[in-house]
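Working through the structure, step by step
So the chains spell out like this:
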Amino acid sequence: MSNTETRKDDHLRICLEEDVQCRQVTNGLERYRFTHCCLPELDYEEIDISTRFLGKKLGAPLLISSMTGGTDRAKMINTRLAEIAETYQLAMGVGSQRVAVEKPETADTFAVRSIAPNTLLLANLGAVQLNYTYGIDQCRKVVDILQADALILHINPLQECIQSEGDRNFKGLLDKIHKVCSELPVPVVTKEVGNGISGEMARRLIEAGVSAIDVAGAGGTSWAKVESERAENRLQQRLGRTFADWGIPTADCIGTVRNASATVPLIASGGLRDGLEVAKTLALGADLAGLAFPFLQAADRSIEAIDELVNLLTAEIKTVLFCTGNGSIPALKQSRVLEKIR
Ligand SMILES: NC(=O)C1=CN([C@@H]2O[C@H](COP(=O)(O)OP(=O)(O)OC[C@H]3O[C@@H](n4cnc5c(N)ncnc54)[C@H](OP(=O)(O)O)[C@@H]3O)[C@@H](O)[C@H]2O)C=CC1
Ligand SMILES: Cc1cc2nc3c(=O)[nH]c(=O)nc-3n(C[C@H](O)[C@H](O)[C@H](O)COP(=O)(O)O)c2cc1C
Ligand SMILES: C=C(C)CCOP(=O)(O)OP(=O)(O)O
Ligand SMILES: [Mg+2]
């Protein structure tokens, strides 16, 4: 296995077996509470949680966040996730496809389009790779592998600082992102990986031409902790621990990015762990909510476990709609039913 391939299995193992969730910082959503409506004047059975994102209809406002690919274990996880994404019409990302560019024989570990013919599928590459020989050809290539509806470029400066083998030249990336946005035939989305995107950075990315933003804020999986666990020397190990809880909490990102742009398609993610939190992010201005770690835990067990997770998430979202007197996601987003409590 190449270095990039072993890293992919390391990430799965460490996320599942070690404590790499943020502990000192939260996603910030505990600072908000829905106003309960004791007389909803709705029939629960008629509540509609479908939504639209990047031109496709989704059965629920949920994204299976970008996670994996490149190894046998990763392929099994992607296959299970894709099956459930298709059943419930959820959006789904795959993990960084750099490994498939470096080792084309691993491309099939990402190629879930045949399992999920109608699903909104998102390809994935690190934006920083644009400073290390990658260009529009590699972007097209990874979109083709997945027959993807859009390309996610992840931006992960902190993670690359902790990785012994990290790529840390982030100079001039905005111009290169701009070039990809203007040349790629599908929309480009940018996401962080758990440290968040500020309003100011969102404004610059939108100016550069990105079609959507996924804040991937702090409060959930800590990539500084993950990389600390696989560090090759004591300095990198300790550096990762120092920055374990670094970043902008997810709730704060949604507010500031929405202030920067009232219209950009906005994904909330980073530490979301149930449907009540998902609903809070929508009420704060997000259009879609992404979860990574909970889907990973379920996918590692079985398809049935993912099915159970999705049923719980959708029941939680519906319960919020019912108990706030909203019959649909657009109604929830327009109603002012979320109070700041601290
Ligand atoms: N924020 C976080 O995510 C985490 C923080 N920590 C914190 O880190 C600290 C240490 O954690 P712990 O798990 O006990 O140990 P470490 O994980 O730091 O130890 C890892 C290895 O480093 C070696 N080592 C330990 N101390 C030193 C040193 N001063 N100089 C050189 N090598 C050393 C040890 O070898 P040998 O025993 O042979 O010396 C050990 O095999 C604790 O304060 C703990 O709370 C720990 C885990 C997670
Ligand atoms: C095992 C694993 C692998 C991941 N790999 C990628 C990746 O390749 N590309 C990416 O953009 N994000 C990746 N992520 C980050 C997630 O998409 C997400 O932004 C982050 O984990 C925070 O969400 P969470 O708190 O719900 O886990 C990965 C997450 C996990 C758990
Ligand atoms: C795992 C996350 C959160 C993002 C990508 O990590 P890597 O830095 O390992 O991805 P590539 O370099 O292989 O693109
Ligand atoms: Mg990288």
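Definitions and cut-offs
Within any chain, residue numbers begin from 1 and follow the written order of that chain's sequence. Naming scheme: in the order in which they are written, chains are lettered from A and ligands are numbered from 1. pLDDT decides what is reported in this predicted model: residues at 70 or higher carry local features, side-chain atom pairs at 80 or more are listed and counted, and totals for whole chains, interfaces and linings draw on all residues regardless. The side-chain numbers reported here are obtained from all heavy atoms of the structure, hydrogens and water having been left aside. Ring pairs shown here join Phe, Tyr and Trp side chains whose ring centres sit within 6.5 Å, with only the six-membered ring taken for Trp; geometry is labelled stacked below 30 degrees between planes, edge-to-face above 60, and tilted in between. Helix and strand definitions here come from DSSP, where helices need a minimum of 4 consecutive H or I residues and strands a minimum of 2 consecutive E residues; each element is numbered from the N-terminal end. Burial classes follow relative accessibility: with a 1.4 Å probe on protein chains only, a residue under 20% of its type's maximum area counts as buried, one over 50% as exposed, and anything between as partly exposed. Helices are assigned an expected span. That span is 1.5 Å times one less than the residue count. The arc in question is the one traced by the directions running from the helix axis out to the C-beta atoms. Note on definitions. A residue lies near a molecule or strand when any single heavy atom of the residue is within 4 Å of it. Distance and chemistry together define a polar contact, namely a pair of N or O atoms within 3.5 Å, with one atom able to donate a hydrogen and the other to accept it when in protein, and with adjacent residues in sequence counting only for side-chain atoms on both sides. In short, Shrake-Rupley with a 1.4 Å probe defines the accessible areas, and a residue's cover is counted only from the protein chains shown. Each residue gets one of three labels, nonpolar for Ala, Val, Leu, Ile, Met, Phe, Trp, Tyr, Cys and Pro, charged for Asp, Glu, Lys and Arg, and polar for the others, Gly among them. Any Lys or Arg side-chain nitrogen found within 4 Å of a carboxyl oxygen on Asp or Glu counts as a salt bridge. The charge count includes Lys and Arg as positive and Asp and Glu as negative, but it does not include His or the ends of the chains. Throughout, a residue-residue contact means that at least one pair of heavy atoms, one from each residue, lies within 4.5 Å.

1. Quick notes on the packing of aromatic side chains
For the structure shown, the criterion picks out two aromatic pairs. Note on Tyr44 and Phe322: the rings are 5.6 Å apart at their centroids and 80 degrees apart in plane angle, and the pair reads as edge-to-face. Of this pair, Tyr44 sits in the loop between β1 (32–34) and β2 (51–53) while Phe322 sits in helix α13 (residues 303–324), and the two are 278 residues apart along the sequence. For Tyr44, a relative accessible area of 28% corresponds to the partly exposed category. Summarising the aromatic geometry, the rings of Phe243 and Trp246 are spaced 5.3 Å apart at their centres and angled 65 degrees between planes, so their arrangement reads as edge-to-face. What makes Phe243 partly exposed here is its relative accessible area of 25%.

2. Structural notes on the environment of Met76
Mapped onto the fold, Met76 is located in helix α2 (residues 72–88). We classify Met76 as partly exposed; its relative accessible area is 31%. Each C-alpha atom of the pair Met76 and Thr109 lies 8.0 Å from the other, and the pair is 33 residues apart in sequence.

3. Side note on α13
Compared with the 32 Å implied by 1.5 Å per residue over 22 residues, the 32 Å span of α13 between its first and last C-alpha is a close match. Three or more residues of α13 are buried, namely Ala305, Ile306, Leu309, Val310, Leu313, Thr314, Ile317, Val320, Leu321 and Thr324. All buried residues of α13 lie within an arc of 165 degrees about the axis, which places them on one face of the element. Those residues of α13 that are exposed and angled more than 90 degrees off the buried face are Glu304 and Glu308. Backbone geometry just after α13 places Gly325 at a positive phi near 75 degrees.

4. As for the site of ligand 1
Taken together, Lys225, Arg234, Gln237 and Arg241 make up the full set of residues adjacent to ligand 1. The side chain of Arg234 places a nitrogen or oxygen atom 3.2 Å from a nitrogen atom of ligand 1. Contact distances for ligand 1 include 2.5 Å between an oxygen atom and a side-chain N or O atom of Arg241. For ligand 1, whose free accessible area comes to 890 Å², the fraction covered by protein is 25%. If one sorts the elements of the shell around ligand 1 by residue count, helix α9 (residues 234–242) sits on top with three residues. Residues of the shell around ligand 1, tallied by class, amount to no nonpolar, one polar and three charged.

5. Some words on the pattern of salt bridges
Throughout the structure, instances matching the rule amount to 21 salt bridges. A salt bridge links Arg98 to Asp167; the nearest nitrogen and oxygen atoms lie 3.4 Å apart. Of this pair, Arg98 sits in helix α3 (residues 98–102) while Asp167 is found in the loop between α5 (157–162) and α6 (173–183), placing the two residues 69 residues apart along the sequence. Each member of the pair, Arg98 as well as Asp167, is classed as buried. A salt bridge links Arg204 to Glu200, with the nearest nitrogen and oxygen atoms 3.4 Å apart. With Arg204 and Glu200 both in helix α7 (residues 199–207), this residue pair falls four residues apart, about one helical turn. A residue is classified by how much of its surface remains accessible, and Arg204, at 36% relative accessible area, is partly exposed. Owing to a relative accessible area of 35%, Glu200 belongs among the partly exposed residues under this scheme.

6. Some details on the side chain of Glu192
Examined against the element boundaries, Glu192 turns out to sit in the loop between β8 (188–191) and α7. No salt bridge is formed by the buried Glu192. Its closest oppositely charged neighbour is Lys191, at 7.4 Å. Of the polar contacts made by the side chain of Glu192, one reaches the backbone nitrogen of Asn195; its length is 3.2 Å. Ignoring anything within four residues of it in the chain, the contact list for Glu192 reads Ile155, Asn156, Pro157, Ile197, Asp214, Val215 and Ala216.

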